[in-house]
Amino acid sequence: MSEGTMQRRAQREEREERAKRRNRVLVCAAAVPVMLVAAGCSSDSGSGDSTDKAAKAAASASASPSPTVQAAAYGKLPEPCKAFSKKTLEDLVPKGKSGKEGKSDDISTRGSCSWNSLDNNGVKGSQFRWLNVSMLRFESDVTRGPADKLAQEYFEKQVQEAQAVEGAKGVKTEPVAGTGDQATAVHYDLKKKEGTFKQQTVVARVENVVVTLDYNGAGLAGDKTPSGSDLLKDTKKAAKEAVDAVSEANGEGGGKAGGTASKTPSKSPSKSASKSPSKSASKEASDEPSKDASTSPSKKPASKS
């Protein structure tokens, strides 16, 4: 082989080698965008998974159950003017006419009725009696709590108010057995220009309903003052009858009034008296019967028919 031929062959091999190196560079350069695209797809996929997880978490949170509270046991009230038997009314207000029902914007929530009796004995004077029953029913509320708890707070507030009547003398408080889930009697003397009034108040709770019974009597125009113990006995009997009426109106046949234990523990009258009204009970002031629906003993003990 001549020297010229060998030289041309060497040059051709060198050119081929350079061409191979260029091809390798181009292949590597082309591979870089593919890797970047793959990395970008991988990143998008991760973002999608995160979004899916967030959506699932939000859906799970919205599916969580809402706060609940135990439903009220009683859903209605009896007609307050029909809460007592004819015999009870003859015993407590013998000269009374039909009861005067108080105004109420919702008779299933609140109601009241009152009776006056004046037994005029001429020159010997006369005997005056006044009877009033008011009922307030509570509903359960997720924010404020179960109905029976709200009723108990109002019960305590009513007892405290009965003990704090202006001008009351010799205030005494005692528990009343066999009347609803809890009951307290408050009695005292109240002197007016007409005479001395013997005031008796029984506050009772049966489940989510509070019954307040006010009864007072006085001997007017020289007649003798009635016996406070006798009036108290009649008041307790009437209070039990009113509580029975609440249970019967809700289809329980007075069973609760027989002294069935309440889910909400009862507190003694003395403890109730020493406590200041709770916030929830104070809030219930707007739920009390209106002045037309309930007459306060301190304001109108001697009103006449």
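The text that follows walks through the structure, step by step, so that each part is easy to find. Since the structure is predicted, the reported quantities are computational estimates derived from the model, not experimental observations.

What counts and how
- Residues numbered from 1 in each chain as written.
- Predicted model: local features only at pLDDT ≥ 70, side-chain atom pairs only at ≥ 80, totals over all residues.
- Heavy atoms only, no water.
- Helix = DSSP H or I, 4+ residues; strand = E, 2+ residues; numbered from the N terminus.
- Contact = heavy atoms within 4.5 Å.
- Buried < 20%, exposed > 50% of the residue type's maximum accessible area, 1.4 Å probe, protein only.
- Pairing = 2+ DSSP bridges.
- Axes fitted to C-alpha atoms, helices over the stretch in contact; angles between N-to-C directions.
- Disulfide = S-S within 2.5 Å.

## Here we look at the environment of C81
One can find C81 in the loop between helix 1 (3–62) and helix 2 (86–92). In sequence terms C81 and S112 are 31 residues apart; their C-alpha atoms lie 7.3 Å from each other. Dropping the residues within four chain positions of it, C81 is found in contact with G99, K100, E101, C113 and W115.

## Overview of the pairing of strand 2 (residues 110–120)
Taken across its 11 residues, strand 2 has eight buried, putting it largely inside the fold. Taken together, the two bridges between strand 1 (residues 100–101) and strand 2 define a ladder with antiparallel strand orientation. Considered in strand 2, the bridge of E101 is made with C113. Sheet analysis places strand 2 next to strand 3 (residues 126–137), joined by 11 bridges and oriented antiparallel.

## What about the sheet that holds strand 5 (residues 182–192)?
Strand order in the open sheet made by the seven strands is 1-2-3-7-6-5-4, with antiparallel pairing throughout. Both outer strands of the open sheet, strand 1 and strand 4 (168–175), are each paired with one neighbouring strand and no more. Packed on one face of the sheet, helix 4 (residues 228–249) meets strand 3, strand 4, strand 5, strand 6 (195–206) and strand 7 (209–220) and runs near 30° to strand 6.

## Points about the state of the cysteines
For the coordinates displayed, the defined rule picks out one disulfide. There is a disulfide in this structure between C81 and C113, and the S-S distance comes to 2.0 Å. One disulfide, between C81 and C113, carries an S-S torsion of 95° and so falls in the right-handed class. A residue pair is termed long-range when its members are at least 10 positions apart, and C81 in the loop between helix 1 and helix 2 and C113 in strand 2 qualify at 32 residues. Of the residues examined, C81 reaches a relative accessible area of 22% and is grouped as partly exposed. Here C113 falls in the buried class, since its relative accessible area comes to 1%.

Shape descriptors only; they carry no functional weight alone.
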